[in-house]
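Understanding the architecture of this molecule
Spelled out, the chains give:
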Amino acid sequence: MGTRAVSWLPWLILLFITASVSATPSKKIPRLGVLRGSSLSVLEGSSSLRTVSVNLSENFQTFFYPQTLDHFNYRPESYTTFQHRYMVNFNYWGGARSAAPIFVYLGEESDLDKDINSIGFLVENGARFGALLVYIEHRYYGKSNPFGSMEKSLQNASQRGYFNSGQALADYAEVIINLKKNLSADSSPVIVVGGSYGGLLAAWFRLKYPHVTLGALASSAPILYFDDITPQDGYYSLVTKDFRVLKQQCLVWNLNIYIFKRFYMKNSWAEIDKAAANPEANVSFPIPHRKHKDLIPLESASQLKDYLETMYSIAAQYDRPPMYPVTIVCNGIDGGSQGTDILGRIFSGIVASRGNKSCYDMGQSSFASETEEGWNWQVCSELVIPIGRGSNDTMFPAAPFDFKEYADSCKYSYGVTPRPHWITSYYGGHNIKLILKRFGSNIIFSNGLRDPYSSGGVLEDISHSIIAVHTPRGSHCLDILPSREDDPNWLVLQRNVEIEIIHGWLLKYYEDLLQSN
């Protein structure tokens, strides 16, 4: 294998810019997030993927609310306040006298500046509804950190204890109630919108604060991926399905007995292990921060396999038109521009997705450090999403979810043990159709079925007003991103259905308001 291996191994990338550390839980759980982050694809900078020419952040004014640190205790320190950022666009609002609606975007695990420049649903529908537009930042992110910075906050056990979804929802309620009071807009109905983790927050906010919001649009919210409600392999099974459905050349599947006959991705994991274990292959890798002058041997294949696993998962989760990343990766593998053996084809997929580079940084995060740091804490405390996979049910190597290993990692990092049952205890989730049918209302659960996280989403109507809207070709949070002139008809229809549902909620509200007056 020596000569043949050398032909493809120089591409086999780098290890880490920083020292190798034990995997954090967020590395084991595919990242949520409305956007796929930066540095994830050669396509990311392409003009074809940029948002439409509408200036989404135009006409927004920034405000800060003196937010309560701890909404649920009455210790002296609980009454401490911090500056909580939110942004408002008054440009479309019909005013308080006409009880014009208020659309509120609930910030997720990112800086609000990213939300304001990337979420199109509110701005594009503001004029149609005469709505006031409000974006509220999630506590501890961006400029809404009670203790100055994420790094400082997470170093102190007492300080990070206030960093959870329940506190964040109470924050949103305080901001909305205060804003309506200041605008004398008590009769203006509120519609909340969120995507991914923010979609979870939107749905939970409607359930916890029905007196504050009339309805919620929860985009790509895996609300059933907690406490083993959804099978652990749901996520990776859908990633596999996305590639299987796209290209029979990329993946040949025997539908009768459900086995892989020939699958470059499936077989590549063993090939990587063999190459890494072969000392005669002279496997070496350039290190970016040393300007590619020094080479080190690959002693572990795990980093490379993690890199590929992330690349395939992100391609599926954010498989958006017009480029469709799964198609890009799969066509690269089929083309075999870097060689027709298994690993040559896998590298061809990397080149197609990431660009042809002299080295690839396996340690580079696709998200801002603040987001990664904050998310690590959140999944180590309450947001335990048990994603795993068996040995033969996906195109990936076996990696069952091991809660003990997961908890040990969290204990090492933060000194706390995750609470895997808390989300369903506090918000519900088990028997959701039976329960929400009796007391819930006015929630849209929207999903794209190519999104692996849709396996943990609500895909059937629960009642006449808790409605599932999904598209077979849609991806993660696609419906709330800015529209494009070349959007496919199915995406335009999905957004229109959501708009009509919200319009119906508002009409019914105004009828009730008129009768009450």
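Higher on the page you've got the structure.
First things first, this report covers the structure right here in the doc. (Residues numbered from 1 in each chain as written. Predicted model: local features only at pLDDT ≥ 70, side-chain atom pairs only at ≥ 80, totals over all residues. Heavy atoms only, no water.)

1. Let's talk about the overall build of the chain
Across its full length, the chain holds 18 helices and twelve strands. Residues counted as buried form 57% of the 517 residues belonging to the chain. Split by element, the accessible area of the chain, about 21800 Å² in all, is 52% carbon and sulfur. (Helix = DSSP H or I, 4+ residues; strand = E, 2+ residues; numbered from the N terminus. Buried < 20%, exposed > 50% of the residue type's maximum accessible area, 1.4 Å probe, protein only. Areas by Shrake-Rupley, 256 points an atom, 1.4 Å probe, with all protein chains shown as cover.)

2. What to know about the sheet that holds strand β3 (residues 102-106)
Read from one edge of the open sheet, eight strands run β1-β2-β4-β3-β5-β6-β11-β12, paired in mixed fashion. What marks the edges here is a single partner per strand, and that holds for β1 (60-68) and β12 (466-471). Across the sheet, the mean angle from the axis of one strand to that of its neighbour is 20 degrees, orientation sign disregarded. With five bridges joining them, β3 and strand β4 (residues 132-136) adopt parallel strand pairing. Opposite F103, over in β4, you have L133 as the bridge partner. (Pairing = 2+ DSSP bridges. Axes fitted to C-alpha atoms, helices over the stretch in contact; angles between N-to-C directions.)

3. Examining a nonpolar patch on the surface
A cluster of nonpolar side chains, contributed by L434, I435 and F439, occupies part of the molecular surface with about 300 Å² of accessible area. Tracing the backbone through its elements, the reader meets F439 in helix α17 (residues 432-439). (Patch = residues over 30% accessible without salt bridge, like charges linked within 9 Å, V, L, I, M, F, W, Y side chains within 5 Å. Salt bridge = Lys/Arg side-chain N within 4 Å of Asp/Glu carboxyl O.)

4. Some thoughts on the side chain of Q159
Within the secondary structure, Q159 sits in helix α6 (residues 157-160). Among the residues examined, Q159 registers a relative accessible area of 16% and is labelled buried. Once you skip the residues sitting within four places of it in the chain, Q159 turns out to touch Y140, F147, K152 and S153. (Contact = heavy atoms within 4.5 Å.)

5. Notes on helix α11 (residues 302-317)
In this model α11 runs 22 Å from its N-terminal to its C-terminal C-alpha over 16 residues, within 8% of the 22 Å that 1.5 Å per residue would give. Of all 16 residues in α11, 13 are buried, a share of seventy percent or more. (Expected span 1.5 Å × (residues − 1).)

6. Looking at the side chain of S463
Looking at the secondary structure, you find S463 in the loop between β11 (443-448) and β12. At 3.1 Å, the side chain of S463 forms a polar contact with the backbone nitrogen of I466. (Polar contact = N/O pair within 3.5 Å; in protein donor to acceptor, adjacent residues only side chain to side chain.)

7. Looking at the pattern of salt bridges
Per the stated rule, a full pass over the model turns up 16 salt bridges. The partner of D70 in a salt bridge is R75, and the shortest N-O contact between them spans 4.0 Å. Assessed through its relative accessible area of 3%, D70 is described here as buried. Among the residues examined, R75 registers a relative accessible area of 38% and is labelled partly exposed. One salt-bridge network, held together by shared partners, links R85, D111, D113 and E137.

8. Structural notes on the packing of aromatic side chains
Per the counting criterion, the structure on display carries 27 aromatic pairs. For the pair W204 and Y427, a centre-to-centre distance of 3.9 Å together with 5 degrees between the ring planes defines the contact as stacked. Of this pair, W204 sits in helix α8 (residues 197-208) while Y427 sits in helix α16 (residues 422-427), and the two are 223 residues apart along the sequence. Across the pair, exposure class does not vary: W204 and Y427 are buried alike. Judged by centre distance (5.1 Å) and plane angle (20 degrees), the ring pair of W422 and Y426 falls under stacked. Of this pair, W422 and Y426 both sit in helix α16, four residues apart, which is roughly one turn of that helix. Taking relative accessible area as the criterion, Y426 reaches 25% and is therefore assigned partly exposed. One aromatic cluster in this structure is built from Y225, Y235, Y236, F243, W269, Y312, F396 and Y453. (Phe/Tyr/Trp six-rings, centres within 6.5 Å; stacked < 30°, edge-to-face > 60°.)

9. Quick notes on the state of the cysteines
This model, assessed by the stated rule, comprises one disulfide. The partner cysteine of C380 in its disulfide is C410, sulfur to sulfur 2.1 Å. For the disulfide bridge between C380 and C410, the dihedral angle about the S-S bond is near -90 degrees, and by the sign convention the bridge is left-handed. With C380 in helix α14 (residues 369-381) and C410 in helix α15 (residues 403-414), this pair connects stretches of sequence that are 30 residues apart. Across the pair, exposure class does not vary: C380 and C410 are buried alike. (Disulfide = S-S within 2.5 Å.)

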